[in-house]
Amino acid sequence: MAQGSFAEATLRVFRGDSKGGAPADYRVPLVPGMVVLDALHSVQSHQAPDLAVRWNCKAGKCGSCSAEVNGRPRLTCKTRMDSLPLDQPITIFPMKAFPVIKDLVTDVSWNFTVNKKIPPFSPRPGVAWKMYQRDVDRVQEFRKCIECFLCQNVCHVLREHGKQEQFGGPRFFVRTASLEMHPLDGVSRTRVLKENLGIGLCNITKCCTEVCPEDIHITDNAIIPLKERVVDEFYDPLLMLVRKIRGAKKV
Amino acid sequence: MNSNYETHEHDVLIIGAGGAGLRAAIEALAQGVSVGVVCKSLLGKAHTVMAEGGIAAAMANVDEADDWRTHFRDTLRGGKFLNNWRMAQLHATEAPERVRELEQWGALFDRTENGEILQRAFGGHTFKRLCHVGDRTGLEMIRTLQDRGVHLGIDVYMECTITRLLKDGDRIAGAFGYWREQGRFVIFKAKSVVICTGGIGKAWKITSNSWEYTGDGMALAYDAGAELMDMEFVQFHPTGMVWPPGVQGILVTEAVRGEGGILRNKDGERFMERYDPKKLELSTRDVVARSIYTEVREGRGTEHGGAFLDISHKPADYVKRKLPSMYHQFLELADVDITKGPMEVGPTCHYMMGGIRVDAETAQASIPGLFAAGEAAVGLHGANRLGGNSLSDLLVFGRRAGLAAAEQARRCAAPTIDSSQIQEAERSMLTPFERPDGDSPYAIHEDLQGAMQSLVGIFRNEEDLRQALSQLEKLSERAARVRVEGSRLFNPGWHLAWDLHSMLTVAEAVTRSALARRESRGAHSRIDYPALDDAWGKKHNVVVKKAGTMTLVESPVLEMPDDLKQLFAEESAPK
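One structure accompanies this document, and this report is about it.

Reading the values: rules and limits
- Residues numbered from 1 in each chain as written.
- Chains lettered and ligands numbered in written order.
- Predicted model: local features only at pLDDT ≥ 70, side-chain atom pairs only at ≥ 80, totals over all residues.
- Heavy atoms only, no water.
- Helix = DSSP H or I, 4+ residues; strand = E, 2+ residues; numbered from the N terminus.
- Buried < 20%, exposed > 50% of the residue type's maximum accessible area, 1.4 Å probe, protein only.
- Axes fitted to C-alpha atoms, helices over the stretch in contact; angles between N-to-C directions.
- Parallel < 35°, antiparallel > 145°, perpendicular 65-115°, else oblique.
- Contact = heavy atoms within 4.5 Å.
- Buried area = accessible area lost by both parts, 1.4 Å probe.
- Salt bridge = Lys/Arg side-chain N within 4 Å of Asp/Glu carboxyl O.
- Polar contact = N/O pair within 3.5 Å; in protein donor to acceptor, adjacent residues only side chain to side chain.
- Pairing = 2+ DSSP bridges.
- Arc of directions from axis to C-beta.

This brings us to the side chain of Gln 140 of chain A. Note on placement: Gln 140 of chain A falls in helix α3 (residues 133–143). When its relative accessible area of 9% is taken as the criterion, Gln 140 of chain A is described as buried.

Now the structure itself:
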C-alpha cells in the first residue's frame, strides 16, 4: 500500500536498562484514532519484540502505561498521535523519578512501600452506616486515582531532590485525604503526614495537579487541607491549648 | 526439591490479584494461615479496575420489593437455566452482606437521599439492583480490597507469571513461574492453590479485555488434570467502541443503558423494539449483542459497522456525573461529546461464562487442594452472565474459596515436590530462546485472534467451527516452534510466547464445546441450530485432558430442589 509521509510517524523510544541506554528510532504507520500506546505495540509486533512497556486496560482506567511523551508525563493510552507534531520524532522516555528496569518499564515498588505507612480506614466505633452524597462526593474525587504515579514522577521533591526516604509524594497525600475525609473514619493521620510522609516538604508548585489524568485537584483539595490540619495540630499554639483542655483528637 | 531455585512457601497460594483473588486472600488470612498472592501485573491493575457499571446485590435500597429470590430467578433466567442452582442461590443470598462488608472496609458508594447505598437498573435485572460508584465501581472495589489485604499482611508477588501447577501425587503441591522483570524462575510451595486468573478475551481480536486475559488459570488447571466446563459460552458485550479503529473493542459500560441510553440503527429506528419489546435496551447482553450484530449484518448498521447509543437526551451535567469516564473516554479517544450526540458501539468479547469446574460451597476443583473463583471458575452464570453479577461473584466465591483453601491447608501436611516437574517446566520456558528460526509470537497471536473473531464469534456454524479447529491445530504447530528474540529481562515477546500456550488450549476447548452443542442458548448461537433444545438444556459440556488429548464428555445439569423450583412457579405473573 502506498503511504505518504503524512501517514507515518517516527517514534524515538528509550531502549536500555539499569546499566544505561539510548533512544532508538522506529517508523510506524498511522491509523485513525491511534494513541501512543498503539504505536508502541506496532513497534513490538513488527520491529522490536522485546520492547518493554507496561499496559493493561488501554482505556485510561488502570494507570499502567505512564511515560514521558515529548518530555511531558502522560498515559500513553490517552495520548492521541494526532495531538502531537508528526513532522518530527515523538520522544517516549520512561518516568524519570523511578529507576529504569528496561526500556519504558520503571521500578515503582517504592510507592507500594509508602502506602503501607498510612493507617487504614478505621470506622468510628458504633457508627451507623449512613452517608450522604454531598459528604461522599468530596472523597470520591480522591478515590478516582488510578495510581499511574505521574504525580509522583513530576513532584520535584522526588524527581529533583530524591527525598523518597522522607517524603510520601502527592499520590499518598491524595490517598491519606481519602481516608481523613471519609465521613465515617475515626482516626487521625496528621502525625503520620508530618513525620512519616513529610508533607511539610511540599511547597505547592501544583506540578502534580497539572499532570493528573483523572483531573484530581491534588494540591487544592488534598494537599493544602492536609497541610492545614498539620499546622493546626502541631504549630497553632492556641488550638493546641484548646485541644489539650478538651482532649479532642480529630477536627 | 532443588535448592537452585528461589522458593517461597505458603499455606495458601492465590494466583491472580483481581477482586476474587484479593477477597480470597483476605478470607484465608482471617483464618490465620500464611497467604501468598501472585499476579502478572502490578497490584491494583487487574481487570477488575475496568468493571464500571456496578455490583449486583438485592439490598432493596431503591426498589423495596427486591430480595434474593428475585435476584436468583433473574440470574437463572439470564443463564438459561444452565447455572449451578446452588451457586446462584449462595450468590443471591450472600451478595448484600459482601457489599456491606466492602463498605465497612472503606469503599464509598453513591448514595440514596436517605443515606443508603444507591442502586441502578441493569440489563436482565428485574429491579434497580446495582450498587455503584459513578462508572468506576471496579476501581473502588479493587482499591478497597487491595488496601485491606496489604494492611492485613498478605505477601504479594507482583509481575510474576505462573506457568505450571506442581503436584504431589494427585494433590496440589504448589506452582512454578517466573519473574517478568528479570526472567528468573521461582517456585511456590503451597498446601492449597486458588486460581483467580480471569478469562480469555485476548484470544479474540475485538475485545474489552487487557493483555492479561489469556486464559492462564483455565489452562493451568486443565494441564494439571482438572475439568473445564461449558467453555462454549463466551460473552460478547453489546457495546464496545467501534470507531476510530485504534479504540475498537474498548468497553462502553452497560450503565449507559441502565441510565436510559437508547440504541438506534442508521435509519433512526429503536431496533430493540423488534427483538425484545418489553425490556428494550435493558434486555440481557446476549440478546442485545445479537440484535446489534443482526442490524449491522442486514445493512442497517452505522458507517463503521455498529449501532448508535444515545444518552444525550439526559441533562449534560447528569451524564457527566453518572458516567464521567464514558464522557471523557469518548471526548478524548473519539472526539465525541456524549452529552450532545450518540456514541457508535458494537459487540466486543468481554467475559467467559465457562471455566474450571468447582464445588458450589467450597469452590474446590476436581483436584484436591485446587480451588477456583471469579471468571476462571464456572457455574454461577450459566449460558449468559447478567451485568453486575461478576463483581458480586468475585466477593461471594472469592471469600468461599479463601475459606475452604485455608481449611484444606490446615488439615493437610506440607507436600513434597519432585524436581522432574520443575526441570520440565523450566525447559519448556527456555527452548524458544534457543531456536535459530521460527515464527514471532506476535504473528501467531494475531492469526489466533483473526481465527477466533471470524469463526468462533457471536454467530457460529458447524463449517466455521471445523475450520477453526483445523486453524487452531496449525497455530499450535507454529506456537511449538515459536522463536523469542532478546534476553529474559522484561521481554514481552517471551511473555506472549508462553501466553500463546494458554490461549490456544482454551480456544480449542471453546471451539470443541461450541461444535458439540447443537443448539442456541444464551451467548452461544448456532445459525445451523437456531432453537433451544430441551435435551441440551439438561447437560453440560465438560473438557478434560486424557492421555494428552482434549476429550469432551457430557455431564447432567444438577436438578434444582423443589423449594427453588417453586420460586419460578410463583412468579409467573409479571409486576
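Moving on from the model shown.
All names here are of chain B. Relative orientation of the contacting elements helix α2 (residues 68–78) and helix α16 (residues 562–570) amounts to 85 degrees, with a least axis distance of 10 Å. Classified by the angle their axes make, α2 and α16 are roughly perpendicular. Contact residues: α2 offers Trp 68, Arg 69, Phe 72, Arg 73, Leu 76 and Arg 77, while α16 offers Leu 564, Leu 567 and Phe 568.

This brings us to the interface of chain A and chain B. On the chain B side, the residues contacting the 56 residues of chain A number 59 residues. On the chain A side of the contact with chain B, Asn 56, Lys 61 and Arg 143 of chain A bury the most area, a combined 14% of that side's loss. Where chain A meets chain B, there are 8 salt bridges. In this structure, Glu 116 of chain B and Lys 130 of chain A form a salt bridge, with 3.3 Å as the shortest nitrogen-oxygen distance. Applying the counting rule to chain A against chain B returns 35 residue pairs in polar contact (both at pLDDT 80 or more). If you list the elements that add at least two residues to the side of chain A that touches chain B, you get α1 (36–46), β6 (100–102), α2 (109–116), α3 and α6 (170–180) of chain A.

Okay, the sheet that holds strand β11 (residues 234–241) of chain B next. Paired through backbone hydrogen bonds, the strands of a sheet run either parallel or antiparallel to each other. Residue and element names in this part refer to chain B. The sheet built from 4 strands is open, its strands ordered β11-β14-β13-β12 with antiparallel pairing. This sheet does not close on itself; its edge strands, each paired only once, are β11 and β12 (262–264). Going across the sheet, the axis of each strand differs from the next one's by a mean of 45 degrees, ignoring polarity. Alignment of β11 against strand β14 (residues 343–352), held across 6 bridges, turns out to be antiparallel. Note on β14: the bridge partner recorded for Gln 235 is Tyr 351. Contacting β11 and β14, helix α10 (residues 324–334) crosses the sheet at an angle of about 65 degrees to β11.

Now for α16 of chain B. All names here are of chain B. All of the buried residues along α16 are Leu 564, Leu 567 and Phe 568. Around the axis of α16, the buried residues are gathered within 90 degrees of arc, so they sit on the same side. Pointing more than 90 degrees away from the buried face of α16 are the exposed residues Asp 562, Asp 563 and Glu 570. For α16, the secondary structure elements touched by its buried residues are α2 and α3 (85–104).

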